[in-house]
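Notes for the structure review
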Amino acid sequence: MTERHLLLVNLRRIQREGLESLLAARRLGYRVVLLGRSIPEFAKPLVHEFRQVDTYDRAASIAAARELHATYEFAGVANFTEVDVQLVSAIAADLGLPGMSETAALRARNKYVMKDALRHLDGVLPRFAKVTDLAGLQAAVDEVGLPAVVKPTGASGSKGIFELRRPEDLDAAMERLADIARPDFDPVFKQFGAEFIVEEFLEGDELSVEGFVSGGEVHIVTVTDKITSVPFHLELEHKVPSALPADAWAEISATTKDIVGALEFDNCSFHLEAKWGERGLRFIEIAGRPAGDYIGSHLVPLATGVDYFENVIRVATGEPLRLEHDRQLNAGLRFVLAERAGRFEGADGLTPLGEEAGYDHFFTEVPVGTEVALPPQNFGQQRVIAVIARHATREGLEQLLHRVTTEATARITPAADPAE
Ligand SMILES: Nc1ncnc2c1ncn2[C@@H]1O[C@H](COP(=O)(O)OP(=O)(O)OP(=O)(O)O)[C@@H](O)[C@H]1O
Ligand SMILES: [Mg+2]
């Protein structure tokens, strides 16, 4: 049998998610060729060839992909990461493989361009404006009103989400954003830099919609309920499926289809974030890649039986999707947080939870021994442990996740005071 090959561009930073993407390719019978900035140790046994390239350099990356394609005749090119959505669309177009259009990929990556393409949708978007400096922000807030949210147009992982509640918050937020929105703080800012979007603050329950578009047809796999932290909006808890009533699901599905269609997403997975409140569905953003926080890799498969990551590869290779649900369970995740800055020494209270049947996984998100800093200094270190649970009922799942918040704690030793 001739071997089939899949080109993957980078891996998700979270090890277990990266591993699951490689295992999904393996289950579907593909050898993986990885194009990326580096290859983590865990990936080496599952990668057939690794080609090192600076994937922020589009021309060099496309040239490398073309050269590899001459050897491997890839069945498809896929990514599971946010920053690679545009590059993968460009590689797919260059190699003649299924992918999103360049226009759709830009709309997926830039929160302003995205909302600009959806202006015609009545009552779904918050009021919004693009800003680059304090004067612009002040003028925009006159239109958008307070409370509002200001955030970078091209970031992800809740890096630099600032709530504006009083006029004096604008100055402080812009000052912090000027420090954050720089490639030396995070390379994601190489793409759109110091460009921000200010939005009306949306009220309601947070949710996400997980799905695929294939050949222009939108498939909704499930809806996830989400809880985020105050005030920096780190994602704390996810539950699949959402407990919202059937009429809410119907509106969420219909509006999701309108949004995906208007943005012209195709041949991709998507992860749409929104709030559900008195005024129905209010749109926050949509990504042209699978959900992180173990939603795609673990929660959706546990709750529904749909192998989400395998379908990410199917959509990238033009194979028919397999989205039948074979079970109706509830799966959820709760993060254990570092409550202060300092050295992360491990967690207390997890061992007794691990003896119970409902807890499936405990993942360490930050290596033990790390000096952790909290937002707004660092947006990626506060969530130190992830706990995944599942239960036949929603109520049972909620009890399991609640116990994580009352029984598990992160052990943090305060950093030595340099003055002492
Ligand atoms: N207009 C808004 N009104 C209310 N809350 C908002 C608004 N915009 C963003 N948020 C909050 O901030 C979170 C992160 O915003 P957004 O999804 O735009 O940024 P992100 O960097 O892509 O984050 P992530 O990668 O974590 O999804 C949202 O999930 C939501 O909790
Ligand atoms: Mg988001």
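Provided above is the structure to which this section pertains.
Read on for a plain summary of the structure.

Cut-offs used in this document
- Residues numbered from 1 in each chain as written.
- Chains lettered and ligands numbered in written order.
- Predicted model: local features only at pLDDT ≥ 70, side-chain atom pairs only at ≥ 80, totals over all residues.
- Heavy atoms only, no water.
- Donors = N, O, S within 2.8 Å, 3.2 Å for Na, K, Ca; no water.
- Helix = DSSP H or I, 4+ residues; strand = E, 2+ residues; numbered from the N terminus.
- Buried < 20%, exposed > 50% of the residue type's maximum accessible area, 1.4 Å probe, protein only.
- Core = buried A, V, L, I, M, F, W, Y, C linked by side-chain atoms within 4.5 Å.
- Domains from an automatic or database assignment.
- Contact = heavy atoms within 4.5 Å.
- Axes fitted to C-alpha atoms, helices over the stretch in contact; angles between N-to-C directions.
- Parallel < 35°, antiparallel > 145°, perpendicular 65-115°, else oblique.
- Nonpolar A, V, L, I, M, F, W, Y, C, P; charged D, E, K, R; others polar.
- Near = heavy atom within 4 Å.
- Polar contact = N/O pair within 3.5 Å; in protein donor to acceptor, adjacent residues only side chain to side chain.

**Overview of the coordination of the magnesium ion (ligand 2)**
At 1.8 to 2.0 Å from the magnesium ion (ligand 2) lie its protein donor atoms, namely Glu273 (OE) and Glu285 (OE). In this pair, Glu273 is assigned in strand β12 (residues 268–277) and Glu285 in strand β13 (residues 280–287), connecting sequence segments 12 residues apart. Classification of Glu273 as buried rests on a relative accessible area of 10%.

**Comments concerning the nonpolar core**
Judged by nonpolar contacts, the single largest core of 42 residues is most densely connected at Leu8, Leu22, Phe212 and Ile313. Mapped by element, the contributors of at least two residues to this core are β1 (4–9), α1 (15–27), β2 (30–36), α10 (295–304), α11 (308–317), β14 (330–337) and β18 (383–391). With 6 residues, the top contributor of residues to this core is α11. Residues from two domains meet in this core; each of domain 1 (4–97) and domain 3 (205–413) gives at least three. Sequence-distant contacts of Leu8, that is, excluding residues within four places in its chain, are made with Ser21, Leu22, Val32, Val33, Leu34, Leu35, Ala78, Asn79 and Phe80. Formed by 34 residues, the second largest nonpolar core is a distinct cluster that contains Ala117, Leu207, Val213 and Leu272.

**Things to note about the packing of helix α3 (residues 85–95) against helix α4 (residues 102–109)**
Following both chains from N to C, one finds α3 and α4 inclined at 170 degrees, their axes separated by 9 Å at the closest point. When the axis of α3 is compared with that of α4, the two are roughly antiparallel. Here α3 contributes Val85, Gln86 and Ser89 to the contact with α4, which in turn contributes Glu102, Ala105, Leu106, Ala108 and Arg109. Class assignment for the residues of the contact of α3 with α4 results in 4 nonpolar, 2 polar and 2 charged.

**Remarks on the site of ligand 1**
Taken together, 22 residues lie around ligand 1, and Lys111, Gly157, Ser158, Glu206 and Glu285 are the ones closest in. Within the contact set of ligand 1, an oxygen atom lies 2.7 Å away from a side-chain nitrogen or oxygen of Lys111. Of all the secondary-structure elements, those providing two or more residues to the shell around ligand 1 are β6 (148–152), β8 (196–200), β10 (217–228), β12 and β13. Looking at the shell around ligand 1 residue by residue, the classes come out as 6 nonpolar, 5 polar and 11 charged. Split by domain, the residues of the shell around ligand 1 number at least three in each of domain 2 (127–200) and domain 3 (205–413).

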